[in-house]
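For reference, the chains in residue letters:
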Amino acid sequence: MKLDCYQRTFAHSSSSLTPIQLPAHLETHLWYVKPSEVKNESLLKQYLDILSPRERENVMQMRGEELRKSALLARTLVRTTIARYQINSQINPRSLKFRKNIHGKPEVDWQFSNDSLPPPLHFNISHTSSLVACGVTVDSQIGIDVEEKHRSIKHTVLSFARRYFSKHEIQFLASITDPQVQKLEFIKLWTLKEAYVKALGKGFSGAPFKTFTIRFKEDSIHQASEIVVDSFDEPTELTSNWQFSLLELANSHYAAICTEKHAASAEGKRNVPTKLTVWKTIPFVVDECVSGTDAVKTIYG
Amino acid sequence: MASFTASSVSFSCISFSKQNQVSNLRKASLPLSGKGFSSHKLPAFRFRVACAAKPETVTKVVEIVKKQLALPADRDVTGDSKFATLGADSLDTVEIVMGLEEEFGISVEEESAQSIATVQDAADLIEKLLEKN
């Protein structure tokens, strides 16, 4: 796989971010950080310093050091990631402002003068206590979700599915005889459904899980070729607007990415795959392009 | 996320004449915006103290939350505790809702589930749904 990103880049100084080009039209960038790899207290202080007062307050309200750290890293990752794209001029991560859309989905509140068009950058974050990720696209809504592969659930897979998933999905999970495989497939399905809802940006109740099915479309030789979503409420044209990728990150997490398809590829006979580039980062310290390495295994997409 | 206290919806613990009760408050999916009371001249703040869920309900919710999030038994969790600050992610939240449904024999709609931000919100919603039953 061709890698057109530097393998590993160390920051020039302790407070700089390596600038990067915005993703292209059909491209998605994914940045992630592992909290366990960030231990330096002064670095964490530096991160705290770039947050807004409200964000700092929210971080400090979290109950427990691990939770505080992942909350801190989530906001740090969003700010530093967006700042890298240096739209128009250098952006200080501290100066970014955010707002929520009508349904509560966070977006950048660009502080440009009225005659400048806001850049069409979209982002979405997801975090677990062990991994924090931020996806970025241009011109395309995006939703991502990450979960630990071996995350425990208190209910059985099937009781959970019967309560929240669609009939087709329940049948799919029920047909898996190996309980370990069933659990992994459940987690994958959960991340895909979450990513879709987050991409839609309408919140959990905007697209209740039971009202749509995510399934793997098989090609002519019965191999899973594509992840598709069928919605009971939305007509087919609208659900075919979304495309999915599912990855295994760092051997420990599943990451689902849902992005809007564009007119050109939606009309095309074959599904044009989005190019995905993945970086592992410790903001202000090191960025490592991990696409094509063992850290990123594409499951679908 | 809206986090109104249920004081704006559970009328049953206030003593005032039956004809003032708005019947559609019994629906679980009523938006918690307090719009239901524009016809009542009672100020919202008076409900806050009188309408909280029973302490036993709050205790049960705390128990379920602690179990779901694997919190130590001595961790301080109260009605004011927010699920998010306790570390509940979306999967935890739906499992907590399932746990509450099982424990109390209720059924929570997605819209209501989304409006739960604190332990108190959950307890108040449970009581409202129990009344409905």
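For clarity, every value in this text was computed on a predicted model and none was experimentally measured.

Trainee: I would appreciate a short explanation of helix α4 (residues 157-164) of chain A in the present structure.
Mentor: Side chains that are three or four residues apart share a direction in an α-helix, a result of its 3.6 residues per turn. Residues V157, F160, A161 and Y164 of chain A constitute the buried set of α4 of chain A. The arc enclosing the buried residues of α4 of chain A, seen along the axis, measures out at 100°, which places them on a common side. Buried residues along α4 of chain A sit against α5 (167-174) and α6 (179-200) of chain A together with α3 (90-104) and α4 (110-114) of chain B.

Trainee: I'm lost on the UniProt feature "domain: Carrier" (unreviewed entry) in chain B in this one. Help?
Mentor: Here, UniProt's "domain: Carrier" (unreviewed entry) annotation points to residues 55-130 of chain B. Note that residues 55-130 of chain B is 61% helix and 0% strand, and that its end C-alpha atoms are spaced 15 Å apart.

Trainee: Would you mind showing me how to read helix α2 (residues 55-68) of chain B here?
Mentor: Residues and elements named next belong to chain B. The terminal C-alpha atoms of α2 lie 20 Å apart, and with 14 residues this matches the ideal 20 Å at 1.5 Å per residue to within 8%. On its buried face, α2 sits against α3 and α5 (119-132). In the stretch just after α2, A70 is the one whose phi turns positive, near 55°.

Trainee: I'm lost on the packing of aromatic side chains in this one. Help?
Mentor: Each aromatic ring pair is described using two quantities: the centre-to-centre distance and the angle formed by the ring planes. Residue and element names in this part refer to chain A. Within this structure, the stated rule accounts for 15 aromatic pairs over all chains. Aromatic pair W31 and W279: ring centres 4.4 Å apart, planes at 10°, arrangement stacked. Of this pair, W31 sits in strand β2 (residues 27-33) while W279 sits in strand β12 (residues 275-282), placing them 248 residues apart in sequence. W31 sits in the buried class, given a relative accessible area of 1%. Residue W279 is classed as buried on the basis of its relative accessible area, which comes to 7%. Ring pairing ties together the aromatic residues F160, Y164, F165, F186, W190, Y196, F209, F212, W242 and F244, which thus form one cluster. Over the aromatic face of F98 sits the side chain of R75, whose NZ or CZ is 4.9 Å from the ring centroid. Above the ring of Y164, the side-chain terminus of R163 is found at 4.5 Å from the ring centroid.

Conventions adopted
- Residues numbered from 1 in each chain as written.
- Chains lettered and ligands numbered in written order.
- Predicted model: local features only at pLDDT ≥ 70, side-chain atom pairs only at ≥ 80, totals over all residues.
- Heavy atoms only, no water.
- Buried < 20%, exposed > 50% of the residue type's maximum accessible area, 1.4 Å probe, protein only.
- Helix = DSSP H or I, 4+ residues; strand = E, 2+ residues; numbered from the N terminus.
- Arc of directions from axis to C-beta.
- Contact = heavy atoms within 4.5 Å.
- UniProt positions renumbered as here; feature names shortened; annotations may be inferred.
- Expected span 1.5 Å × (residues − 1).
- Phe/Tyr/Trp six-rings, centres within 6.5 Å; stacked < 30°, edge-to-face > 60°.
- Lys NZ or Arg CZ within 6 Å of the ring centre and 35° of its normal.

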